[in-house]
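Chain by chain, the residues run as shown.
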Amino acid sequence: MLIHFIAVYLHFYFFFQWLFCIRSIRKGSEKERIRRLTLQFKEGIMVLASFLSAGYSLENSLSLSVKELEGLYGKTGMITEEFSYMEAGVRMNRPVELLLADMGRRSGIQDVDQFAQVFAAAKRSGGELTDIISQTAGIIRDKIQVQEEIHTLTAARVFEQRS
């Protein structure tokens, strides 16, 4: 009877340890997914800003950005799929600001949401869209670069402490 009790106890113990491990892995992979998508978003808006500053319309810039991002990340890249979704939405006459806001909501990334708000305000006000997007993209690029440096330094510190 005691052996049976110990076996059941160990079974539950290892089962809950396994569940905890899976949950930890999922949390880590979600953080990594958000980090990768944020980095790819930075590249995406920089590509979009470059096509806009070259004189292309917003719709053509978005279409060309998809092709450029396919070269960088492939057709299955997270940002490539998001930009393809936006391009398809534009072809169906959906406003770009709503598509960007939708991307921000689905991704859960604060930078995407803030960029969508700036983009919507710039389009409503009739301001110089190219300059506003380029400046906002530069600010987001700098912010992400600082976050990546912090991430690198903390990872190096953790590695150093383990050694």
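Structure: see above.
Undergrad: Report on the side chain of E87, specifying residues and quantitative values.
TA: If you trace the backbone, E87 turns up in helix 3 (residues 78–91). Side chain to side chain, E87 and S63 meet in a polar contact 2.9 Å long. Aside from chain neighbours lying at most four places away, what touches E87 is L62, S63 and V66.

Undergrad: Kindly report on the nonpolar core, identifying the contributing residues and their values.
TA: Among the nonpolar cores identified, the biggest contains 30 residues, and F41 and F83 are the most heavily contacted of them. At 6 residues, helix 1 (residues 2–53) tops the list of elements feeding residues into this core. With residues up to four places along the chain from it excluded, the contact list for F41 reads I79, M103, D111, V112, F115 and I140.

Undergrad: Help me get a handle on the packing of helix 2 (residues 58–73) against helix 3, residues and values and all.
TA: Contact geometry of helix 2 with helix 3 gives a least axis separation of 9 Å together with a crossing angle of 155°. Classed by the angle they form, the pair helix 2 and helix 3 counts as roughly antiparallel. The way helix 2 lies across helix 3 gives a crossing that is left-handed. Taken together, the residues of helix 3 that come into contact with helix 2 (itself represented by E59, L62, S63, S65, V66, L69, E70 and Y73) are I79, T80, F83, S84, M86, E87 and V90. Here the residues of the contact of helix 2 with helix 3 sort into 8 nonpolar, 4 polar and 3 charged.

Rules behind the numbers
- Residues numbered from 1 in each chain as written.
- Predicted model: local features only at pLDDT ≥ 70, side-chain atom pairs only at ≥ 80, totals over all residues.
- Heavy atoms only, no water.
- Helix = DSSP H or I, 4+ residues; strand = E, 2+ residues; numbered from the N terminus.
- Polar contact = N/O pair within 3.5 Å; in protein donor to acceptor, adjacent residues only side chain to side chain.
- Contact = heavy atoms within 4.5 Å.
- Core = buried A, V, L, I, M, F, W, Y, C linked by side-chain atoms within 4.5 Å.
- Buried < 20%, exposed > 50% of the residue type's maximum accessible area, 1.4 Å probe, protein only.
- Axes fitted to C-alpha atoms, helices over the stretch in contact; angles between N-to-C directions.
- Parallel < 35°, antiparallel > 145°, perpendicular 65-115°, else oblique.
- Left-handed = near helix turned anticlockwise from the far one by under 90°.
- Nonpolar A, V, L, I, M, F, W, Y, C, P; charged D, E, K, R; others polar.

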